[in-house]
Amino acid sequence: MTTMTDTSNAARFREFKMPDVGEGLTEAEILKWYVQPGDTVTDGQVVCEVETAKAAVELPIPFDGVVHELRFPEGTTVDVGQVIIAVDVAPGSDSAAAEPEAPAPAPEAEAPKGRQPVLVGYGVAESSTKRRARKGAETAPPAAAPAAVQAELNGQGTAAIPEARPLAKPPVRKLAKDLGIDLATVTPTGVGGVITREDVHAAATPEAPAAPSAPAVAPVVAEPEAPVQQGARETRIPVKGVRKAIAQAMVGSAFTAPHVTEFVTVDVTRTMKLVAELKEDKDMAGVRVNPLLVIAKALLVAIKRNPGVNAVWDEANQEIVQKHYVNLGIAAATPRGLIVPNIKDAHDRTLPQLAASLGELVATARDGRTSPAAMAGGTVTITNVGVFGVDTGTPILNPGESAILAVGAIKLQPWVHKGKVKPRQVTTLALSFDHRLIDGELGSKFLADIAAILEQPKRLITWA
């Protein structure tokens, strides 16, 4: 009889384990729970957001039921394969008394509707979070502390949890927390009432003078300005997530591939004129046109002329793997750290298609929605350090690639043009490459070809 009861209980409560949402990743941090014990969930509903070493990903649950237990709180790093949530798939059955109820955390508002699961095979379903009455909810003092932690992680400081949770993406919530802004006080302008980064910045502008007259926000401002924080001489920040992955990748690359970096300064005045003309071209309507677009196209043409650059060293098999396709990586600085998503088969794209792909890549990265698949399989990378006003740098290779091009700031400088010194638009390019498979001659020709195209953009046609 005991065996039958145990079997019945086991069949009633289903467990959902942390999946491998990337390529061979071993762990992920739980950033946000969208459900709590007692909530009703449906197949395909997003229940939490996790951060891997590559991206922030929303996890859908693959069955229906009522949330019985959350095994880990937000901010916990969990190994792949560990159970993170238990769901009662047969609520209201006779064996209800056989399973003890877990202490219920503080109530939280419904998750935003319309979330899209990102794992293959789970389908798409709207969030349908519902509340189930809980006995003795008001007589559980231990729930007060988790509620405060929950509010803090949501970017709401230590203020009371609002009745309706503001709609905002994780990077926007982090920005609000960093600026000391209570999202409940921000007026949303995004589609469907979603709070955008601009909304948070707008709310931050008048916040400084209004702080004394805003008692609801006072606890948020006061906490980071505590005397203990001001007197601290150092701060220790746990290394995890994207920062941990960046550190491991850069150390592995720097001490595995023998780096060589070459530089060239080039007159890009004609390229800048081409950019201005393309902005007025009707075929480029609706896409963003900037110097990076032409530089990316120049690099793709240069690879066609120097295919040996688009290769990788296979240490295990002692082989050089020549790639006959180009997945062009674009280094992007995001609130989560540096990521390098890539444009698949960039060599096959027309200029308008390349421009559209660049725009989508940048927008997705800024919103924190870049998937692990978008960062896998790159063959060569561009890093635009010029946006920070610096001339150039010595970039480190992205693991699994053999070349990376750094683009410096484009500045008006005196330049000898047709025998006379004239003000011209000038930039400096830096190419780092793996010297195991790219000799100095090949690397130099590749960089020189990129510079030649940017100096005379018509070579995009004659060389292509």
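Criteria and cut-off values
- Residues numbered from 1 in each chain as written.
- Predicted model: local features only at pLDDT ≥ 70, side-chain atom pairs only at ≥ 80, totals over all residues.
- Heavy atoms only, no water.
- Buried < 20%, exposed > 50% of the residue type's maximum accessible area, 1.4 Å probe, protein only.
- Helix = DSSP H or I, 4+ residues; strand = E, 2+ residues; numbered from the N terminus.
- Pairing = 2+ DSSP bridges.
- Axes fitted to C-alpha atoms, helices over the stretch in contact; angles between N-to-C directions.
- Expected span 1.5 Å × (residues − 1).
- Polar contact = N/O pair within 3.5 Å; in protein donor to acceptor, adjacent residues only side chain to side chain.
- Contact = heavy atoms within 4.5 Å.
- pLDDT = per-residue confidence, 0-100.
- Salt bridge = Lys/Arg side-chain N within 4 Å of Asp/Glu carboxyl O.

As for the pairing of strand E6 (residues 65–70)
Alright, step 1. When you tally the buried positions in E6, you get five out of six residues, the bulk of the element.
Alright, step 2. Here strand E3 (residues 40–41) runs beside E6; their pairing, made up of two bridges, is antiparallel. Within E6, the residue paired with Thr 40 across the bridge is Val 66.
Alright, step 3. Pairing geometry for E6 and strand E8 (residues 83–88), over four bridges, is antiparallel. When the bridges of E8 are listed, Val 66 appears paired with Asp 88.

Re the sheet that holds strand E4 (residues 46–51)
Alright, step 1. Taken in spatial order, the four strands line up as E5-E4-E2-E7 in an open sheet, and their pairing is antiparallel. Across the chains shown, the open sheet's two edge strands, defined by having one partner strand only, are strand E5 (56–60) and strand E7 (77–79). Strand-to-strand twist in this sheet, taken as the mean axis angle between neighbours without regard to direction, amounts to 40 degrees.
Alright, step 2. Where strand E2 (residues 27–33) and E4 come together, four bridges link them in antiparallel fashion. The residue of E4 that forms the bridge with Glu 29 is Glu 51.

Looking at helix H12 (residues 440–455)
Alright, step 1. The end-to-end C-alpha separation of H12 is 22 Å, in line with the 22 Å expected for 16 residues at 1.5 Å each.
Alright, step 2. When we look at burial in H12, the residues that qualify are Gly 443, Phe 446, Leu 447, Asp 449, Ile 450, Ala 451, Ala 452, Ile 453 and Leu 454.

So, the side chain of Thr 381
Alright, step 1. For Thr 381, the position within the fold is in strand E18 (residues 380–384).
Alright, step 2. What makes Thr 381 buried here is its relative accessible area of 1%.
Alright, step 3. Within the structure, the side chain of Thr 381 is placed 2.7 Å from the side chain of Glu 401, a separation counted as a polar contact.
Alright, step 4. Sequence-distant contacts of Thr 381, defined by excluding residues within four places in its chain, comprise Gly 329, Ala 331, Val 340, Asn 398, Glu 401, Ala 403, Ile 404 and Leu 405.

A closer look at the confidence of the model for the protein
Alright, step 1. When the pLDDT values of the protein are averaged, the result is 78; 74% of them are 70 or greater.
Alright, step 2. A low-confidence stretch, residues 95–163 stays under pLDDT 50, and its non-local contacts, those more than four residues away or across chains, total 135 contacts.
Alright, step 3. Segment residues 206–228: pLDDT under 50, and 15 contacts once partners within four positions in sequence are set aside and those in other chains are kept.

Some words on the side chain of Thr 383
Alright, step 1. Relative to the elements of secondary structure, Thr 383 occurs in strand E18.
Alright, step 2. Not counting chain neighbours up to four residues away, the residues in contact with Thr 383 comprise Ala 331, Pro 395, Ile 404, Leu 405, Ala 406 and Val 407.

Considering the pattern of salt bridges
Alright, step 1. Within the structure shown, the criterion is met by 11 salt bridges.
Alright, step 2. Arg 71 is the partner of Glu 69 in a salt bridge, and the nearest nitrogen-oxygen pair spans 3.0 Å.
Alright, step 3. Among the residues examined, Glu 69 registers a relative accessible area of 27% and is labelled partly exposed.
Alright, step 4. The partner of Asp 267 in a salt bridge is Arg 424, and the shortest N-O contact between them spans 2.8 Å. Here Arg 424 lies in strand E21 (residues 420–434) and Asp 267 lies in strand E11 (residues 259–267), a separation of 157 residues in the sequence. Comparing Asp 267 with Arg 424 shows no difference in burial state: the two are buried.

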